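Analysis of the macromolecular model
Below, each chain spelled out in residue letters.
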Amino acid sequence: MPLSEQEQRLLDEMERHLMRNDADVVSAPRDGRTLSYRNIVYGTVLVLLGLGGLIVGVSQQLIVVGVIGFVVMLGGVLLAVTPGRGPGKIPAEPNRPAKPHNASSFMDRMNDRWDKRQGER
């Protein structure tokens, strides 16, 4: 059963709100330390190179190459999960007021719409 236009708009608005909130959560610093995308990319490349070395070492029965491949993979994982140290990081000002939010929250607006819709029936 297809959604009505109003339901589709409501779903789209909820999705936009969720994406906006998720972006806030992802970009929020954790103890002043966030993951670096550069480290993730370099770590992924190292993991793939290490995996290739491990496969070559096992298939050619070269234990040293396999061990080196495994160590490179481990280094790539460690690099990918290491938080970045950005020199341009500016600490948040504690005296600065928070962003003003709408008078009513998203859920309050959704509840009002639901009540209004139920009243029409």
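Residues numbered from 1 in each chain as written. Predicted model: local features only at pLDDT ≥ 70, side-chain atom pairs only at ≥ 80, totals over all residues. Heavy atoms only, no water.

An unreviewed UniProt entry annotates the protein as DUF3040 domain-containing protein originating from Microbacterium sp. LWS13-1.2.

Here we look at the overall build of the protein
The helix and strand inventory of the protein stands at 4 helices and 0 strands. Mapped in sequence order, the helices and strands of the protein form the string α-α-α-α. Counting every position in the protein, which comprises 121 residues, the buried fraction comes to 12%. If you take every contact in the protein between residues at least 6 apart in sequence, the share linking residues at least 24 apart comes to 68%. Of the roughly 10,600 Å² that the protein leaves accessible, carbon and sulfur atoms contribute 63%. (Helix = DSSP H or I, 4+ residues; strand = E, 2+ residues; numbered from the N terminus. Buried < 20%, exposed > 50% of the residue type's maximum accessible area, 1.4 Å probe, protein only. Contact = heavy atoms within 4.5 Å. Areas by Shrake-Rupley, 256 points an atom, 1.4 Å probe, with all protein chains shown as cover.)

Examining the UniProt feature "transmembrane region" (unreviewed entry) in the protein
Under the UniProt annotation, "transmembrane region" (unreviewed entry) lies at residues 39-56 and 62-81. For the annotated span residues 39-56, helix accounts for 100% and strand for 0% of the residues, and the straight-line distance between the end C-alpha atoms is 25 Å. In residues 62-81, helix accounts for 95% and strand for 0%; the two terminal C-alpha atoms are 29 Å from one another. (UniProt positions renumbered as here; feature names shortened; annotations may be inferred.)

What about unusual backbone geometry?
With glycine set apart, most residues show a phi of negative sign, and most peptide bonds adopt trans. Positive phi outside glycine occurs at Q61, with the angle close to 55 degrees. Relative to the elements of secondary structure, Q61 occurs in the loop between α2 (37-59) and α3 (63-81). On the accessibility criterion, Q61 (71% relative accessible area) is exposed.

Some details on the packing of α2 against α3
When two helices pack together, their arrangement is given by the angle between their axes and by how far apart the axes lie. The N-to-C vectors of α2 and α3 enclose an angle of 165 degrees; their axes lie 7 Å apart at closest approach. In terms of orientation, α2 and α3 fall into the roughly antiparallel class. Note that α2 runs across α3; the crossing there is left-handed. Contact with α2, carried on its side by N39, I40, Y42, G43, L46, V47, G50, L51, G53, L54, V56 and G57, involves V65, G66, G69, F70, V72, M73, G76, V77, L79 and A80 of α3 and no other residues of that element. Partitioned by chemical class, the residues of the contact of α2 with α3 number 14 nonpolar, 8 polar and no charged. (Axes fitted to C-alpha atoms, helices over the stretch in contact; angles between N-to-C directions. Parallel < 35°, antiparallel > 145°, perpendicular 65-115°, else oblique. Left-handed = near helix turned anticlockwise from the far one by under 90°. Nonpolar A, V, L, I, M, F, W, Y, C, P; charged D, E, K, R; others polar.)

A short note on the pattern of salt bridges
Oppositely charged side chains may form a pair once their charged atoms are brought near each other. Taken as a whole and assessed by the stated rule, the structure comprises 2 salt bridges. Residues E7 and R117 are paired through a salt bridge, measuring 3.5 Å at the closest nitrogen-oxygen approach. With E7 in helix α1 (residues 5-27) and R117 in helix α4 (residues 106-120), this residue pair connects regions lying 110 residues apart in the sequence. Two residues, R113 and E13, come together in a salt bridge whose shortest N-O distance is 2.8 Å. Taken as a pair, R113 in helix α4 and E13 in helix α1 lie far apart in primary sequence, 100 residues in all. The exposure class of R113 is partly exposed, given its relative accessible area of 39%. On the basis of relative accessible area, E13 is assigned to the buried category, the value being 18%. (Salt bridge = Lys/Arg side-chain N within 4 Å of Asp/Glu carboxyl O.)

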